[in-house]
Amino acid sequence: MPLTLDQLNTAPLSEAMQMLDGLYEHSPWIAERALAQRPFVSLAQLKHAMTRVLDDAGIEPQLALIRAHPELAGKAMVSKTLTAESTNEQTKAGLTNCTPEEFAHIQQLNADYNARFGFPFILAVRGPRGTGLSKAQIIEAFERRVHGHPDFERQECLRNIHRIAEIRLNDKFGFEPVDGQQVWDWQEKLAQHSDAGYAEKGQLTVTYLTDAHRACAQRISHWMKDCGFDEIEIDAVGNVVGRYRPAAPDAKYLLTGSHYDTVRNGGKYDGRLGIFVPMACVQKLHAASKRLPFGIEVVAFAEEEGQRYKATFLGSGALTGHFDPAWLDQKDADGITMREAMRHAGLCVDDIPQLQRDPLQYLGFIEVHIEQGPVLNELNLPLGIVTSINGSVRYLGEVIGMASHAGTTPMDRRRDAAAAVAELILYAEQRAAQDGDSVATVGMLQVPNGSINVVPGSCKFSLDMRAPTNAQRDALAREVLAKLTEICERRSLRHSLEETMRAAAAPSAPDWQSRWERSLDALGVPLHRMPSGAGHDAMKLHEIMPQAMLFVRGENSGISHNPLESSTADDMDLAVKAFAHVLEQLSTEQH
């Protein structure tokens, strides 16, 4: 019989330790220390308690735990001395059935990894869904991580150990993250559609109104129908809109959703997670024949990334009345205008103004999104509360000096444009770091017609600065631009600067942020409040209604805009539960 939390919470310590035996390889002390924090309201709270025990233990006990683990397809497997748990996991991953070539390759990777780091390679082979990685995926992860930094690899091994313990704990308690697996599966299936030229390489790219983009819209609309949405449409800009009606016909709606387009060679979860989490909630409501005092409108926004055309937040902008008709004449790399692409997709351009929403008909907007950063991953937290979406400002600039001979121009007589920009980059880095939560990036850098033996006479660059408030962003920008002026004057250079984008910060509405916080508290997930460094559709809806976001932890150090972008079914399951709890709160408030 599966265990229950009540049994664990009330059992004597020795019995409770026996219940948790085998979670961490040969390390019962982790469970023992965590049990001192009983009672636990959820498995999520117990899982986090164990991660904190290991965090607080220090490096030497952490290394001892890593070294207590067997190598993948290693000597312990061959000699059949693995623990029962490890035997089960390695067998399910097919590691006990390797070809001689695969076995030899893994043995060499084991030897190289141990020689580099002094501990074995650890990977949760049952993977993010809990049902297992393939041998090819395991070997690919091994080959990538053998080149990692020692400090990072130690932490990555610990994160995988916690994931292994999480899955083992689920097994003990008979828990399966069914809703999270559903959301995970939707994202995997949607990722089967990718633009021509990328699909052939196995890369995920879905840009605005391509064949793959339109196929995604059709799939989402069909799944919305399966979930029980009452009204489903693909609107005049390609947004997929599903509406689940309220109990009373004149009631307001909760607006939610995110985008389904991707960057080039991107990940499967950016944006799409925020579509499927609320869809899972509607599916459960429909299955229970339950209506709420308000309706739920889920919008899969057609465009947010600005990859095919220079028109970011096109989908959500149409809902706020900020679709710019000038965008229709923009051309993509093949010379196709947006207007032509829309007509080819069967969209009616004349209907775009009608998409603007009346904020009086809505309670507000909430969005679930993968974090796209390392913070939650490093804190071993599945969910995070967004306090504000950072305001940002972008510039394209050029510093102009004098090109001259690299060998004959003395160092004190140079007018080196590139050296000036290098000095600016370092200052921007240092100045942003002073705030603690501001960021500044020079992502584009070019010396036009540069030669190895010529002092750069020109240097072109980009400058991206972001902060949680407009005032903080403006102070950062003011001081960085003043530094650019000072550098150029001191070095006898001139410069030009063009502001290309400015977006206001979007602080979360306090009452909506509080609803997310109450939902996490009910789930036993520790609260972590954080700004969003990336822009999201919520910052557009912020212009006309209150909004608040929930972040979901990403795997692989939270990497995003990258094929390694990942999250687990367990974390997605918690996101569905958190969303459902917000719906419960709103239902209580509306009565």
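All figures in this text were calculated on a predicted structure; none of them were measured in a lab. Residue numbers run consecutively from 1 along every chain, following the written order of its sequence. Per-residue local features of the predicted model are confined to residues with pLDDT of at least 70, and side-chain atom pairs are confined, for both listing and counting, to 80 or more; whole-chain, interface and lining totals are unaffected and use all residues. Where side-chain values are given, they derive from all heavy atoms of the structure, hydrogens and water being excluded.

Caption draft 1: Highlighting the overall build of the chain. Under the scheme used here, helices are H or I runs from DSSP no shorter than 4 residues and strands are E runs no shorter than 2 residues, and both carry numbers assigned from the N terminus. Helix and strand counts for the chain stand at 21 helices and 16 strands. On C-alpha atoms alone, the chain measures out to a radius of gyration of 26 Å, which is about the 25 Å that the 2.2 N^0.38 rule sets for 591 residues. Expressed as lengths along the three principal axes of its C-alpha atoms, the size of the chain is roughly 75 × 70 × 45 Å. A 1.4 Å probe rolled over the protein chains alone gives each residue an accessible area, and that area as a share of the maximum for its type sets the label: buried under 20%, exposed over 50%, partly exposed in between. Buried residues in the chain amount to 53% of all 591 residues. Contacts in the chain between residues far apart in sequence, at least 24 positions, make up 77% of those at least 6 positions apart. Each accessible area is a Shrake-Rupley result for a 1.4 Å probe, and residues are judged covered by the shown protein chains and nothing else. In the form shown here, the chain has an accessible surface area of approximately 25,500 Å², with 51% of it arising from carbon and sulfur atoms. Atoms considered for the radius of gyration are the C-alpha atoms alone. The globule rule reads 2.2 Å times the number of residues to the power 0.38. Only heavy atoms enter the contact rule, under which two residues are in contact if any of them lie within 4.5 Å.

Caption draft 2: Inspection of the pattern of salt bridges at higher detail. What makes a salt bridge here is a side-chain nitrogen of Lys or Arg within 4 Å of a carboxyl oxygen of Asp or Glu, nothing more. Scanning the model with the defined rule gives 39 salt bridges in all. The closest approach of N and O atoms between E166 and R163, which form a salt bridge, is 2.6 Å. Placement of the pair is E166 and R163 together in helix α10 (residues 150-173), with a separation of three residues, close to one helical turn. Both residues of the pair, E166 and R163, count as buried. Note that D435 and R431 form a salt bridge whose closest N and O atoms lie 3.1 Å from each other. Separated by four residues within a single helix, D435 and R431 lie in helix α17 (residues 417-435), roughly one turn from each other. Relative accessible area serves as the criterion here: at 27%, D435 is assigned to the partly exposed category. Residues joined by salt bridges that share partners form a network here, namely E231, R243, R245, E297 and R357.

Caption draft 3: Quick peek at empty space enclosed by the protein. Using a grid of 1 Å spacing that covers the protein atoms alone, one calls a set of points a cavity when a 1.4 Å probe fits there but cannot get out, and a pocket when the set is open and has protein on both sides within 12 Å along at least five of seven lines; lining residues are those with an atom within 4 Å of a point. Grid points are joined across faces, edges and corners, and a volume is the space filled by probe spheres set on the points. Taken as a whole and judged by the stated rule, the model has two cavities of 30 Å³ or more. Empty space within the largest cavity amounts to approximately 140 Å³. Around the largest cavity, the lining comprises 15 residues; the ones closest to its centre are L72, S86, E89, L123 and I164. Taken together, the elements giving at least two residues each to the lining of the largest cavity come down to α7 (84-92) and α10. Residues of the lining of the largest cavity, tallied by class, amount to nine nonpolar, three polar and three charged. Together, D55, Q155, L158, R159, H162, E378 and N380 line the second largest cavity. Each residue is assigned to one of three groups, with Ala, Val, Leu, Ile, Met, Phe, Trp, Tyr, Cys and Pro labelled nonpolar, Asp, Glu, Lys and Arg labelled charged, and all others, Gly among them, labelled polar.

Caption draft 4: Representation of the packing of α17 against helix α18 (residues 470-490). Remark: α17 packs on α18, axes separated minimally by 10 Å, with the N-to-C direction vectors making an angle of 155°. Regarding the angle of α17 to α18, the classification is roughly antiparallel. Considering only the axes of α17 and α18, their crossing is right-handed. Between α17 and α18, the contacting residues are A420, E423, L424, Y427, A428, R431, A432 and D435 on the first element and Q472, A475, L476, E479, V480, K483, L484, I487 and R490 on the second. Taken together, the residues of the contact of α17 with α18 sort by class into 10 nonpolar, one polar and six charged. Orientation is described by lines fitted to C-alpha atoms, with helices fitted over the stretch in contact, and by angles between N-to-C directions that extend from 0 to 180 degrees. Note on angle classes: values under 35 degrees are labelled roughly parallel, values over 145 roughly antiparallel, values of 65 to 115 roughly perpendicular, and the remainder oblique. A clockwise turn of the near helix away from the far one marks a right-handed crossing, whereas an anticlockwise turn of less than a right angle marks a left-handed crossing.

Caption draft 5: Here's a closer look at the nonpolar core. Only buried residues count toward a nonpolar core. Its members are Ala, Val, Leu, Ile, Met, Phe, Trp, Tyr and Cys residues joined through side-chain atoms within 4.5 Å. Of all hydrophobic cores here, the largest spans 78 residues; its most connected members are Y208, I220, M279, F323, M338, M342 and W516. Contacts of M342, omitting those with residues within four sequence positions, involve Y208, L209, A236, V237, F323, L328, L347, V349 and I352. In this structure, A73, Y113, I122 and A124 belong to the second largest nonpolar core, which totals 50 residues.

Caption draft 6: Structural view of the packing of helix α4 (residues 43-57) against α10. Contact geometry for α4 and α10: axes closest at 11 Å, N-to-C directions at 145°. Of the two elements, α4 crosses α10, and the hand of that crossing is right-handed. Contacts from L43, L46, K47, M50, T51 and L54 of α4 reach α10 at L158, H162, E166, L169, N170 and F173. Along the lines of polarity and charge, the residues of the contact of α4 with α10 split into seven nonpolar, three polar and two charged.

Caption draft 7: Molecular detail of the side chain of D270. The residue D270 is located in the loop between β3 (253-259) and α13 (273-287) in this model. Under the convention used here, Asp and Glu are negative, Lys and Arg are positive, and both His and the chain ends fall outside the count. Of the side chains with opposite charge, R272 comes closest to the buried, unpaired D270, at an N-O distance of 8.4 Å. For the purposes of these results, a polar contact is taken to be a pair of N or O atoms within 3.5 Å, where, inside protein, one atom must be able to donate a hydrogen and its partner to accept one; residues adjacent in sequence count only when each atom of the pair is a side-chain atom. Of note is the side chain of D270, whose polar atom sits 3.1 Å from the side chain of H369. A polar atom in the side chain of D270 sits 3.3 Å from the side chain of Q372. Discounting chain neighbours no more than four positions away, the residues touching D270 are H259, E305, H369, I370, Q372, S560, H561 and E565.

Caption draft 8: Fine view of the state of the cysteines. Count a disulfide wherever a pair of cysteine sulfur atoms falls within 2.5 Å. Under the defined criterion, the tally for this structure stands at zero disulfides. Not part of a disulfide, C227 finds its nearest cysteine sulfur in C281, a span of 10 Å. Assessed through its relative accessible area of 1%, C227 is described here as buried. Cysteine C459 remains unbridged, with the sulfur of C488 as its closest cysteine sulfur at 10 Å. A relative accessible area of 1% places C459 in the buried class.

Caption draft 9: Region of interest: the pairing of strand β12 (residues 458-467). Within β12, nine of the 10 residues are buried, which leaves it mostly tucked inside the rest of the structure. Two strands are counted as paired when DSSP detects at least two bridges linking them. One ladder, built from 10 bridges, connects strand β7 (residues 391-400) with β12; its direction is antiparallel. Directly across from S392, in β12, lies its bridge partner R466. Alignment of strand β10 (residues 445-446) against β12, held across two bridges, turns out to be antiparallel. Along β12, the bridge assignment pairs Q446 with K460.

On their own, these measurements won't tell you what the molecule is for.
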